[in-house]
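# Per-entry structural report
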Amino acid sequence: MDTTSFDKTKTEIDGPMHASLRHDSAHKHVTGSAEYIDDIPEPAGLIHGALGLSDRAHAEIVSMDLSEVEKTPGVLWVMVAKDVPGENDISSGGRHDEPLLAETKVEFHGQPIFAVFAETRDIARKAARKAKITYKDLPHFTDIDTAIENGGALVIDPMTLKRGDAKLEMDVAPRRLTGTMRIGGQEHFYLESHIAMAVPGEDDEVTLWSSTQHPSEIQHIVSHLLQVPSNAVTVQVRRMGGGFGGKETQGNQFAALCAIAAKKLNRAVKIRPDRDEDMSATGKRHDFRVDYELGFDEEGRIHAVDATYAARCGFSSDLSGPVTDRALFHADSSYFYPHVHLTSRPLKTHTVSNTAFRGFGGPQGMLGAERFIEEIAYAVGKDPLDIRKLNFYGGTGSGRTTTPYHQEVEDNIIARIVEELETSSDYRARREAIIEFNKTSPIIRKGIALTPVKFGISFTMTAFNQAGALVHIYNDGSIHLNHGGTEMGQGLYTKVAQVVADAFQVDIGRVKITATTTGKVPNTSATAASSGTDLNGMAAYDAARQIRERLVKFAAENWNVPEEEVVFLPNRVRIGLEEIAFNDFIKKAYFARVQLSAAGFYKTPKIHWDRAAGRGTPFYYFAYGAACSEVSIDTLTGEYMMERTDILHDVGKSLNPAIDIGQIEGAFVQGMGWLTTEELWWDGKGRLRTHAPSTYKIPLASDRPKSFNVRLAEWAENAEPTIGRSKAVGEPPFMLAISVLEALSMAVASVADYKVCPRLDAPATPERVLMAVERLKKV
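Per chain, residue numbering runs from 1 following the sequence as it is written. With the structure being a predicted model, the display of local features is reserved for residues of pLDDT at least 70 and the display and counting of side-chain atom pairs for 80 or more, all residues being used for whole-chain, interface and lining totals. To obtain the side-chain values, all non-hydrogen atoms of the structure were included, while hydrogens and water were left out.

### Some points on the packing of aromatic side chains
Cut-off, in case you're wondering: Each pair of aromatic rings taken from Phe, Tyr and Trp, with Trp reduced to its six-membered ring, is defined by centres within 6.5 Å and is described as stacked if the planes are under 30 degrees apart, edge-to-face if over 60, and tilted in the remaining cases. Strands here mean DSSP runs of E at least two residues long; helices mean DSSP runs of H or I at least four residues long; both are numbered from the N terminus. Working definition: with a 1.4 Å probe on protein chains only, accessible area under 20% of the residue-type maximum means buried, over 50% means exposed, and in between means partly exposed.
Counting across every chain of the model gives 22 aromatic pairs. Ring geometry for F329 against Y405: centres 5.0 Å apart, planes inclined by 80 degrees, an arrangement best described as edge-to-face. Here Y405 lies in the loop between α11 (384–391) and α12 (414–424) and F329 lies in helix α9 (residues 320–329), a separation of 76 residues in the sequence. Comparing F329 with Y405 shows no difference in burial state: the two are buried. Ring geometry for F554 versus F585: centroids 5.8 Å apart, planes at 45 degrees, classification tilted. Taken as a pair, F554 in helix α15 (residues 532–559) and F585 in helix α16 (residues 582–591) lie far apart in primary sequence, 31 residues in all.

Dropping the structure here:
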């Protein structure tokens, strides 16, 4: 765009806040011109690295012969644990329980033991297979049940949430039941696998390009491993080919290995594992086992809940503490539990350490809550939607607004969301029609379900709720924007650029979005917890506000008018009765020595959390939504089809409706994959056998609902003063897919005339659906 042009007749700017603007890199994505790390022109003398992985789930390393690896032509260096300059640790939470390279013991099949650096990637990978390692096998357990049977060791202290007296109320409740639900994990399956490239600098300096959601953590980890200050390490991220939480901590080892080798060999180094290695060596969504006891009455109103959430965490803590905490935070879903006792159980297993994944434990907690509702509905013979509505949090003054962690739900709109979707999806009539259809259809059975979402927004670690941004206006009127958020396809860069363009009332084409780098904005938090836009948008606004206030003061003093008569209009500024093009105005401000640069900062207010006490206000606000899904199943094979899904979702006052709707659609389909087709499976030797697209099934375009209707709750507006009164959109819509599992459950339940809860676990693969059908035929 020609930023020198000026049209006095133009009354609007291109791409202000709340406009449906395309993703800034959309045209590059579809043409293949978007530059990822593997597309960057390779520096002269680039070296390639490859991992040497363990082939035992749990064993002592008796001996390691790497001579054949080292003799391979083209191999320059083979790195082992003792070669790490600093402490051999890449743990995220500072618990010192995750080595960069295993030294004397391996604790999961696929754990990195050494790294090979060679002239080509092919040489490095082939050489890594020549290692001769002798092991002494130790007992291993790879799933939740065997972990509990073998003592139930934990990777971190558990958390308990409680209110009232769940045990006493359970004893006096009119009805009670117990049950267990198993919830599977999930592979991130980002299109761009993990990758890092390091270029050594002078003295102690090194520059890293990393596919990471957390550049500052990479900086911190590398500086400690190299034993240099953080100011010697610069980490840059322009974009990722997907992240979904998998690149919050899991990029640490690749970046660290590159950095150490680059400084050792004084050459640029790149590591890009293939898909099998990536899936074997990096963490996934935690799978859970929920053991529950419910007390309720004949109407279906919940009196008490007592539940334990056991999770397969892997061999180290990673982010398992906050993930299992968030599962408990969302164990209420949208429902008020008068008496409640919830406990997490973060179990150690001999598998790769599980990590962040979109929703961060929230989906598992919420799915358990929907099972509670389903159990009660079948027990009292009512439509699950009626039981949901009966147990929703109430409005202010109802006495039904306190969560199990003692935060008040002050912005509750779930009842309105659900009622609007119930009407627009024609849920009641369709459910009756489905029940009639199932009476006469011997093989194909249908199901329908409408489920709610209430998701808390903020990092539960209070310190992470901060962000910085840097805004420059150059003297030609063009704007440079940098902030601490990372772009993984979710449109964060576009939204924050809209905030800055709107602040100055200029076309978004003036705003140059630059790569995230620790050299510009320091001490950033991960782009996670759905808070990227909330935090970085407000930080960018703060920077723009500072510059704008200086410009207003300059104009008022030099044109001799009150400050209130300085008004920013589309691509121009009105000063008193005069209008001046934005470019010309900025040029005058420059010659008047007005500072045209500012560093912005934002920290989320109101939040606080005491984990030990299980009390506080961990979330700034809640995002809401609801989905109604209809399915058909084949009772002879267990196969199923997604017939229709209707979604109504709350994003507050959307900063960019087009991007938000895309996020909702993508999150729903990804959540549908988690609950239906995506199954992780380890064999008896602790080997992950679903480690490639041939054995791990993500949803295809053909798996989406035949009729897919997504709407934003356009009347919604955040009650809290977020950027543009918007709400987060990254994680909350993922849980909309719970409606699919619930619809499948209804279809299965029809086999036994809806007399019993099918207790359909996730993922509900065709095999699992078929087994549930066969089981209910015997009821």
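That was the structure; now back to the text.
### Remarks on the pattern of salt bridges
So the rule is basically this: A carboxyl oxygen of Asp or Glu within 4 Å of a side-chain nitrogen of Lys or Arg is what we treat as a salt bridge.
Overall, the coordinates contain 54 salt bridges when judged by the stated rule. For R125, the salt bridge is made with E277, and the minimal N-O distance between the two is 3.8 Å. Residue R125 is found in helix α3 (residues 121–128), and its partner E277 is found in helix α8 (residues 275–281); the two are separated by 152 residues along the sequence. E277 shares its class with R125; the two are buried. Here R574 makes a salt bridge to E579, at a shortest N to O gap of 3.4 Å. Ionic contacts of the salt-bridge type, sharing partners, join the residues D383, D386, K389, E422, R428 and R431 into one network.

### Comments concerning the layout of surface pockets
The cut-off we apply is this: Here a cavity is any set of points on a 1 Å grid over the protein atoms alone where a 1.4 Å probe fits but cannot get out, and a pocket is any open set with protein on both sides within 12 Å along at least 5 of 7 lines; a residue lines the site when it has an atom within 4 Å of a point. Grid points are joined across faces, edges and corners, and a volume is the space filled by probe spheres set on the points.
Of the volumes computed, that of the second largest pocket is approximately 1,100 Å³. Along the wall of the second largest pocket there are 44 residues; nearest its centre are S92, G93, E217, L319 and F464. Secondary structure elements with two or more residues in the lining of the second largest pocket: α6 (215–226) and α9. With seven residues, α6 is the largest single contributor of residues to the lining of the second largest pocket.

### Examining the pairing of strand β18 (residues 479–483)
As a reminder of what qualifies: Between any two strands, pairing holds if DSSP finds at least two bridges.
The element β18 is extensively covered by neighbouring structure, given that five of its five residues are classed as buried. A two-sided burial pattern is seen for β18, the buried positions comprising I479, L481 and H483 on one face and H480 and N482 on the other. Note: strand β17 (residues 466–473) against β18, five bridges, orientation antiparallel. Its bridge partner being in β18, L470 is matched across the sheet by N482. Counting the residues between successive antiparallel strands, the hairpin from β17 to β18 contains five residues, one of them, G477, with a positive phi of roughly 90 degrees. Strand direction decides the pairing type here: β18 and strand β19 (residues 511–513), joined by three bridges, are parallel. Within the sheet, the bridge partner assigned to H480 lies in β19 and is K512.

### Observations regarding the confidence of the model for the protein
Interpreting fine coordinate detail is not advised for predicted regions of low pLDDT. Rules: Per-residue confidence from the predictor is reported as pLDDT, which spans 0 to 100. Here, residues are in contact when the closest pair of their heavy atoms is within 4.5 Å.
Looking at the protein as a whole, the pLDDT averages 96, with 99% of positions reaching at least 70. Between residues 1–9, whose pLDDT stays under 50, and residues either more than four places distant or in other chains, the model counts 15 contacts.

### Re the side chain of R572
Condition: Polar contacts, as used here, are pairs of N or O atoms within 3.5 Å; protein pairs need one atom able to donate a hydrogen and one able to accept it. Residues neighboring in sequence count only if both atoms are side-chain atoms.
Checked against the element boundaries, R572 lands in strand β22 (residues 572–575). The class of R572 is buried, set by a relative accessible area of 8%. A polar side-chain atom of R572 sits 3.0 Å from the main-chain carbonyl oxygen of P570.

### Some details on α12
Threshold: What the arc measures is the spread of directions leading from the helix axis to the C-beta atoms.
Of the residues making up α12, those classed as buried are I414, I417, V418, L421 and E422. When α12 is viewed along its axis, its buried side chains cluster within an angular range of 130 degrees and face the same direction. Residues of α12 that are buried sit in contact with α11, α13 (427–440), β16 (444–457), β27 (621–634) and β28 (640–649).

### Quick word on the sheet that holds strand β15 (residues 339–348)
Here is the rule we go by: Inter-axis angles, ranging from 0 to 180 degrees, are taken between N-to-C directions of lines fitted to C-alpha atoms, where helices are fitted over the stretch in contact.
Spatially, β7-β15-β14-β13-β8 is the arrangement adopted by the five strands of the open sheet, whose pairing is mixed. Of all the strands in the sheet, just β7 (160–163) and β8 (175–183) have a single pairing partner and so form its edges. The mean inter-strand angle of the sheet, taken between neighbouring strand axes irrespective of direction, is 10 degrees. Summarising the sheet, strand β13 (residues 288–296) and strand β14 (residues 302–314) pair through nine bridges and their orientation is antiparallel. Looking at β14, one finds that Y292 is bridged to A307.

### Some remarks on unusual backbone geometry
The peptide bond linking A762 to P763 adopts the cis configuration, its omega dihedral lying at 5 degrees. Non-glycine residue D318 carries a positive phi angle of around 45 degrees. Inspection of the secondary structure assignment puts D318 in the loop between β14 and α9.

### Description of the side chain of T494
With respect to the helices and strands, T494 occurs in helix α14 (residues 492–504). With a relative accessible area of 2%, T494 lands in the buried category. Only 2.8 Å separates the side chain of T494 from the backbone nitrogen of D24, close enough to count as a polar contact. Aside from chain neighbours lying at most four places away, what touches T494 is L21, R22, H23, D24, I508, I513, N656 and I659.

### Describing the sheet that holds β17
Strand order in this open sheet of four strands is β19-β18-β17-β24, and the pairing throughout is mixed. In the strand order of this sheet, the two ends are held by β19 and β24 (597–603), each with one partner. For this sheet, the mean angle separating the axes of adjacent strands, direction not counted, is 25 degrees. Lying over the sheet, α14 contacts β17, β18 and β19, oriented at roughly 135 degrees with respect to β18.

### Details of α16
Buried within α16 we find F582, N583, F585, I586 and A589. Buried residues of α16 fall within an arc of 160 degrees about the axis and therefore sit on the same side. Taken together, the buried residues of α16 touch β17, α14, α15, β21 (566–569), β22 and β23 (578–581). Following α16 by one or two positions, R593 has its phi on the positive side, about 60 degrees.

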